[in-house]
Amino acid sequence: ITAYRPTWEHAHLVDRRVVVSGYHYSNPPDVQQIMADHFHITSIELAPGEEPSAHQPDALPAPPVVTSREQLEARVHRWIQLQASLKAVIPPVDDSWGSAQLALVDGTIVEVTLHEITLGREWRPLLGEAVTVTGRVGSLDDARGAQASGERPSFSLVGPTKICRGRVADCGAEQWRR
């Protein structure tokens, strides 16, 4: 994690290969932080062979629209706009976290873990509908509800996520602009 919000000085590097130098650090135990590696960047440069951008963008490019397993596999750990049907909303069992399952047209199931308030307020009203969800594709190992033995494991979307009714090309666009 380098920042909790878009860093505009790096917007011209989105979806490009880069070389990052720096060092790992940990905050003291009394400092609030997320459970993730923290990295102090000392430099960030385009990787060899990458062409520099002609200008500094004033908005982040929209993540690509994804509708199939093949497209998901190509974007693991990267941002997407997933177009699918909201198949299930699963309430929490032991804590405050439930999940939603999204079905792609090819039958691939994608899982999203959500707080019960978000699940009820934003997701449950769209159950059974076509939706677009902006989020980052989790690795196959990130999915809480791995599919039955013998099937390929499910994917997950990790947050923050944004859900929109219908198949749209700008779900969460307000987050991409300055």
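Okay, so let's go over this structure. (Residues numbered from 1 in each chain as written. Predicted model: local features only at pLDDT ≥ 70, side-chain atom pairs only at ≥ 80, totals over all residues. Heavy atoms only, no water.)

### Re the pairing of strand E7 (residues 130-138)
So the rule is basically this: For the exposure calls, accessible area comes from a 1.4 Å probe over protein chains only, and a residue counts as buried if that area is under 20% of its type's maximum, exposed if over 50%, partly exposed in between. Under the scheme used here, helices are H or I runs from DSSP no shorter than 4 residues and strands are E runs no shorter than 2 residues, and both carry numbers assigned from the N terminus. When DSSP locates at least two bridges between a pair of strands, those strands are taken to pair.
Taken across its nine residues, E7 has seven buried, putting it largely inside the fold. Pairing analysis gives seven bridges linking strand E4 (residues 79-90) to E7, with the strands arranged antiparallel. Among the inter-strand pairings, Trp79 is bridged to a residue of E7, identified as Arg136.

### Points about the pattern of salt bridges
Operational definition: What makes a salt bridge here is a side-chain nitrogen of Lys or Arg within 4 Å of a carboxyl oxygen of Asp or Glu, nothing more.
Here the structure, examined in full by the defined rule, presents three salt bridges. The shortest N-O distance in the salt bridge between Arg69 and Glu73 comes to 3.9 Å. Here Glu73 and Arg69 lie together in helix H1 (residues 69-74), a separation of four residues that amounts to about one turn. Judged by its relative accessible area of 38%, Glu73 is partly exposed. A salt bridge links Arg165 to Glu129, with the nearest nitrogen and oxygen atoms 2.8 Å apart. A residue pair is termed long-range when its members are at least 10 positions apart, and Arg165 in strand E8 (residues 155-165) and Glu129 in the loop between helix H2 (116-123) and E7 qualify at 36 residues.

### With respect to the environment of Ile90
The criterion, for reference: In this description, contact between two residues means that some pair of their heavy atoms is separated by no more than 4.5 Å.
With respect to the element layout, Ile90 can be found in strand E4. Remark: the alpha-carbon pair of Ile90 and Gln101, spanning eleven residues in sequence, is separated by 8.0 Å. Among residues more than four places away in sequence, those in contact with Ile90 are Gly98, Ser99, Gln101 and Leu119.

### Observations regarding the environment of Thr161
Position of Thr161 among the secondary structure elements: in strand E8. A C-alpha to C-alpha distance of 8.5 Å links Thr161 and Gly172, two positions eleven residues apart in sequence. Those residues in contact with Thr161, other than ones at most four positions away along the chain, are Val112, Leu114, Trp123, Val133, Thr134 and Gly135.

### Looking at the nonpolar core
Burial of nonpolar side chains together is a common tendency in soluble globular proteins. This is how the line gets drawn: To define a nonpolar core, start from buried Ala, Val, Leu, Ile, Met, Phe, Trp, Tyr and Cys residues and group those joined through side-chain atoms within 4.5 Å.
If you look at the biggest cluster of nonpolar residues, it comprises 22 residues, and the most contacted ones within it are Leu72, Leu82, Leu86, Leu102, Trp123 and Leu157. When residues of this core are traced back to their parent elements, those giving at least two are E4, strand E5 (97-103), strand E6 (109-115), H2, E7 and E8. No other element matches the five residues that E4 contributes to this core. In contact with Leu86, other than residues within four places in its own chain, are Ala100, Gln101, Leu102, Trp123, Leu126, Leu127, Gly128, Glu129, Val131 and Ile163.

### A look at a nonpolar patch on the surface
How we decide: A patch consists of residues exposed above 30% relative accessible area that lack any salt bridge, with like charges linked at up to 9 Å and nonpolar side chains (Val, Leu, Ile, Met, Phe, Trp, Tyr) linked at up to 5 Å. For accessible areas, the Shrake-Rupley method is used with a probe of radius 1.4 Å. Any residue's cover is judged against the shown protein chains and nothing else.
Taken together, the side chains of Val18, Val20 and Phe39 make up a nonpolar region of the molecular surface, amounting to roughly 190 Å² of accessible area. Counting through the fold element by element, Val18 comes out in strand E1 (residues 18-25).

These figures come from the coordinates and say nothing about function on their own.
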